[in-house]
Amino acid sequence: AFAGGVIRPGATLSPRGLSMAGAQNAVANDGAALYHNVAGLSQVENNFVQLNADLVFPRFEFESQDSEFSVFPMPELAFGKRLSDKLVLGGGIYAPYGLGVEYDSGAFQKSQLSVIKGTLALTYQITDTLSIGFGADVGYGQLVYESSLHQICDIIIKPAFMKTKADGFGLGFRAGLLWEPTDWFSLGLSYSSAMKITLA
């Protein structure tokens, strides 16, 4: 769990997914289905609201600089509502990516890159063993970068600082398929489109 890298630990959206090392496409039946496989919402028996949060503690070393201690929370808030025996509506807001670093001295001062997604999905149970799901994604990205201009070519400019702040939105979609022929075997397929976020 400590070596999650620059994405959510294990590329998951729930403690269960983390414990399964991300292999959750065929069993996601809660708010994590919005990230792993929207077709899994068909397994929801009762309406629910779910709140999770991963905490990322980034640590970087650049030449003689050590980064300051910081905490990046990556929350998830999701809901599921059964509209009929066959149809389930689900939605949520979650952070699939977020990382940053801050130094108290030296050339580099602060940087942060984060993405927050909102997903709204519908899942339909075609048969007792086969379900399909479709979802729409809205993403919000943010970039913060602050650095002193120590040197440009042969010119040293120590007092000058560069500060950049930019954000933007993007759109995407996702689809999923879930097949559960027996109680002990299930197969899940999911697709998430690329999302382009232009930061300005």
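Check the entry above for the structure.
Residues numbered from 1 in each chain as written. Predicted model: local features only at pLDDT ≥ 70, side-chain atom pairs only at ≥ 80, totals over all residues. Heavy atoms only, no water.

(A) Structural context of the nonpolar core. One finds Ala-28, Ala-33, Leu-34, Val-38, Leu-41, Val-44, Phe-48, Ala-78, Val-88 and Ala-121 forming the largest nonpolar core, which totals 10 residues. Sequence-distant contacts of Ala-33, defined by excluding residues within four places in its chain, comprise Ala-28, Val-38, Gly-40 and Leu-41. Phe-72, Met-74, Ala-95 and Leu-99 belong to the second largest nonpolar core, which has 5 residues in total. (Core = buried A, V, L, I, M, F, W, Y, C linked by side-chain atoms within 4.5 Å. Buried < 20%, exposed > 50% of the residue type's maximum accessible area, 1.4 Å probe, protein only. Contact = heavy atoms within 4.5 Å.)

(B) Representation of a nonpolar patch on the surface in the model. On the surface, Leu-177, Trp-179, Trp-184, Phe-185, Leu-187 and Leu-189 cluster together into a nonpolar patch covering about 650 Å² of accessible area. At the level of elements, strand 10 (161-179) and strand 11 (187-192) are the ones that each hand at least two residues to the nonpolar patch. Note that Leu-189 resides in strand 11. Judged by relative accessible area, which is 49%, Leu-189 ranks as partly exposed. (Patch = residues over 30% accessible without salt bridge, like charges linked within 9 Å, V, L, I, M, F, W, Y side chains within 5 Å. Areas by Shrake-Rupley, 256 points an atom, 1.4 Å probe, with all protein chains shown as cover. Salt bridge = Lys/Arg side-chain N within 4 Å of Asp/Glu carboxyl O. Helix = DSSP H or I, 4+ residues; strand = E, 2+ residues; numbered from the N terminus.)

(C) Focus on the pattern of salt bridges. On inspection of all chains with the given rule, the structure shows 1 salt bridge. Taking the shortest distance from any N to any O, the salt bridge between Asp-137 and Arg-174 comes out at 2.9 Å. Pair noted here: Asp-137 is in strand 7 (residues 130-148) and Arg-174 is in strand 10, with a separation of 37 residues, a long-range link. Arg-174 matches Asp-137 in its accessibility class, with the two residues each being buried.

(D) Highlighting a negative patch on the surface. A cluster of acidic residues, Glu-61, Asp-66, Glu-68, Glu-102 and Asp-104, forms a negative patch on the protein surface. Relative to the helices and strands, Glu-68 is located in the loop between strand 3 (65-66) and strand 4 (72-82). Of the residues examined, Glu-68 reaches a relative accessible area of 33% and is grouped as partly exposed. (Lys, Arg positive; Asp, Glu negative; His and termini not counted. Charge placed at Lys NZ, Arg CZ, Asp CG, Glu CD.)

(E) Region of the structure containing the side chain of Ser-131. Counting through the fold element by element, Ser-131 comes out in strand 7. A relative accessible area of 2% means that Ser-131 is categorised as buried. Only 2.8 Å separates the side chain of Ser-131 from the side chain of Ser-42, close enough to count as a polar contact. Excluding anything up to four places from it in sequence, Ser-131 contacts Ala-39, Ser-42, Gln-43, Thr-123, Tyr-124, Gln-125, Ile-126, Gly-176, Leu-177 and Leu-178. (Polar contact = N/O pair within 3.5 Å; in protein donor to acceptor, adjacent residues only side chain to side chain.)

(F) Representation of the pairing of strand 10 in the model. Relative to strand 10, strand 7 is paired through 19 bridges, and the arrangement is antiparallel. In the sheet register, Ser-147 faces strand 10, and the bridge partner there is Met-162. As defined by bridge partners, strand 10 adjoins strand 11 across 6 bridges and the pair is classed as antiparallel. Residue Trp-179 lies in a different strand from strand 11, and its bridge partner there is Leu-187. (Pairing = 2+ DSSP bridges.)

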